[in-house]
Amino acid sequence: MTDLAYNDSYVPEEGESGLAKAKRIDRRRMLFWVLPPTLWFFVFMIIPYGMLFYYSLGSVDYVTFVPGFSADNFIKVFTTEPYLSVLLRSAKFGLLTAVFSSIIGYPLAFYLAFHAPDGLKRFVYLLVIVPWWASYLVKAYAWKTILGTGGILNKLLMGAGLIDEPLKIFLYNQFSVTLTLVYIFTPFAVLSIYAQLERIPTSLIDAALNAGATRWEVFRKVVFPLSVPGILAGAVITFSLGFGDFVAPILVGGPSSLMISNIVINLLGVAFDWPMAAAIGLVVITLGLALISVAHYLEHRFQIRL
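These figures come from a predicted structure and were not determined experimentally. (Residues numbered from 1 in each chain as written. Predicted model: local features only at pLDDT ≥ 70, side-chain atom pairs only at ≥ 80, totals over all residues. Heavy atoms only, no water.)

J.: I'm lost on the UniProt feature "domain: ABC transmembrane type-1" (unreviewed entry) in the protein in this one. Help?
T.: Within the UniProt annotation, "domain: ABC transmembrane type-1" (unreviewed entry) is assigned to residues 87–295. As a span, residues 87–295 carries 77% helix and 0% strand, and end to end its C-alpha atoms are 20 Å apart. (UniProt positions renumbered as here; feature names shortened; annotations may be inferred. Helix = DSSP H or I, 4+ residues; strand = E, 2+ residues; numbered from the N terminus.)

J.: Explain the nonpolar core here, please?
T.: Note that soluble globular proteins tend to have their nonpolar side chains buried in a common cluster. Core analysis: the biggest nonpolar cluster contains 19 residues, and Tyr106, Ala109, Ile193, Leu197, Val218 and Val223 have the highest contact counts within it. Counting residues per element, this core draws most heavily on helix α7 (residues 174–198), which supplies five residues. Residues contacting Tyr106, with those up to four places away along its chain left out, are Ile193, Leu197, Phe219, Val223, Phe224, Ser227 and Ile231. Formed by 16 residues, the second largest nonpolar core is a distinct cluster that contains Leu87, Ala277, Ile280 and Val283. (Core = buried A, V, L, I, M, F, W, Y, C linked by side-chain atoms within 4.5 Å. Buried < 20%, exposed > 50% of the residue type's maximum accessible area, 1.4 Å probe, protein only. Contact = heavy atoms within 4.5 Å.)

J.: Just checking my understanding: could you explain the side chain of Asn154 for this structure?
T.: Among the secondary structure elements, Asn154 is positioned in helix α6 (residues 152–159). Apart from residues lying up to four places away in sequence, Asn154 is in contact with Leu147, Gly148, Thr149, Ile163, Pro166, Leu167 and Phe170.

J.: Would you take a moment to explain the UniProt feature "transmembrane region" (unreviewed entry) in the protein for this structure?
T.: In this numbering, the UniProt entry assigns the feature "transmembrane region" (unreviewed entry) to residues 31–55, 93–114, 123–139, 145–163, 175–195, 222–243, 250–272 and 278–298. Secondary structure content for residues 175–195 is 100% helix and 0% strand, and the end C-alpha separation is 30 Å.

J.: Would you explain a nonpolar patch on the surface in this entry?
T.: Taken together, Trp40, Phe41, Phe42, Val43, Phe44, Ile46, Ile47 and Met51 make up a surface patch of nonpolar side chains, about 790 Å² in accessible area. For Met51, the position within the fold is in helix α1 (residues 18–56). (Patch = residues over 30% accessible without salt bridge, like charges linked within 9 Å, V, L, I, M, F, W, Y side chains within 5 Å. Areas by Shrake-Rupley, 256 points an atom, 1.4 Å probe, with all protein chains shown as cover. Salt bridge = Lys/Arg side-chain N within 4 Å of Asp/Glu carboxyl O.)

J.: Can you help me understand the packing of aromatic side chains in this one?
T.: The geometry of an aromatic ring pair comes down to the distance between the two centres and the angle between the two planes. Applying the stated criterion across every chain, the model contains 18 aromatic pairs. Each ring, one from Tyr55 and one from Phe65, has its centre 4.5 Å from the other, and the planes form 45°; the classification is tilted. Of the two residues, Tyr55 sits in helix α1 while Phe65 sits in strand β2 (residues 64–66), which places them ten residues apart along the sequence. When the ring of Phe219 is compared with that of Phe224, the centres are 6.0 Å apart and the planes differ by 50°; the resulting orientation is tilted. (Phe/Tyr/Trp six-rings, centres within 6.5 Å; stacked < 30°, edge-to-face > 60°.)

This is how it looks when you write it as structure tokens:
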């Protein structure tokens with residue numbers, strides 16, 4: 001009776017046992033659940049990446065794509081300027097964004113996880129999330145308004161008598177781009193670290209304190225090591241977002257702040273060099289996969305040490 005409960009309306013074929021019927025229905029159910037995500041992955045991942053790889057091996061004759069089977073575009077990424085220097089600059093911006101977002105986000109996440117009262121915790125948590133409701137352009141333009149020659153910062157300095165005329169050093173440079181990226185993407189680091197800190201049992205901390213450990217020792221030997229996965233996750237997210245950003249260099253950066261995404265946009269919309277843009281895209285994707293692999297390795301190493 002249990003085997004036949006899979007489908008009462010199904011009549012087993014001659015010689016087919018109830019167990020064989022149950023296995024047949026299980027296979028159909030598995031196919032029903034596996035097929036949609038498999039199709040989604042194939043249509044939106046395999047096919048686009050395959051087309052990207054196909055274009056990256058070709059070339060352009062005037063504005064016409066010429067199919068080919070050459071790695072010249074990949075070689076140019078690492079041997080021809082400005083591709084390599086801009087790629088390294090983008091990596092530097094991504095690294096600075098990840099580092100400063102983690103430094104700023106960790107104390108806030110730590111306070112939310114262990115010290116903030118429930119009412120205040122919800123309020124501060126809301127303050128972290130609220131900036132996501134605003135447009136990216138609005139937030140970037142806000143820093144342009146603050147750092148510009150007619151901005152708030154220059155007006156404050158002039159009002160205090162520290163300068164006689166507006167300074168131009170705050171805007172259109174790598175400092176302004178880094179500041180904007182850190183401001184916009186720090187909430188990702190805060191939430192990643194906070195989610196990991198929330199998973200640390202308070203009983204573990206109490207046990208360490210009862211054993212005679214100081215609060216600094218508890219943080220250094222218990223809390224911080226257990227929060228490393230959250231730090232790495234936030235760093236990977238903020239690095240990737242900072243590395244691939246193209247709006248901040250346009251709004252608050254300058255010629256010295258050009259990033260790899262700006263190069264790709266110019267290749268697609270101005271130079272019509274789709275194969276080169278595709279090659280750069282695949283290189284960036286590969287670097288992203290390598291970064292995730294390194295983060296996973298570091299997380300595994302910390303878990304072993306614990």
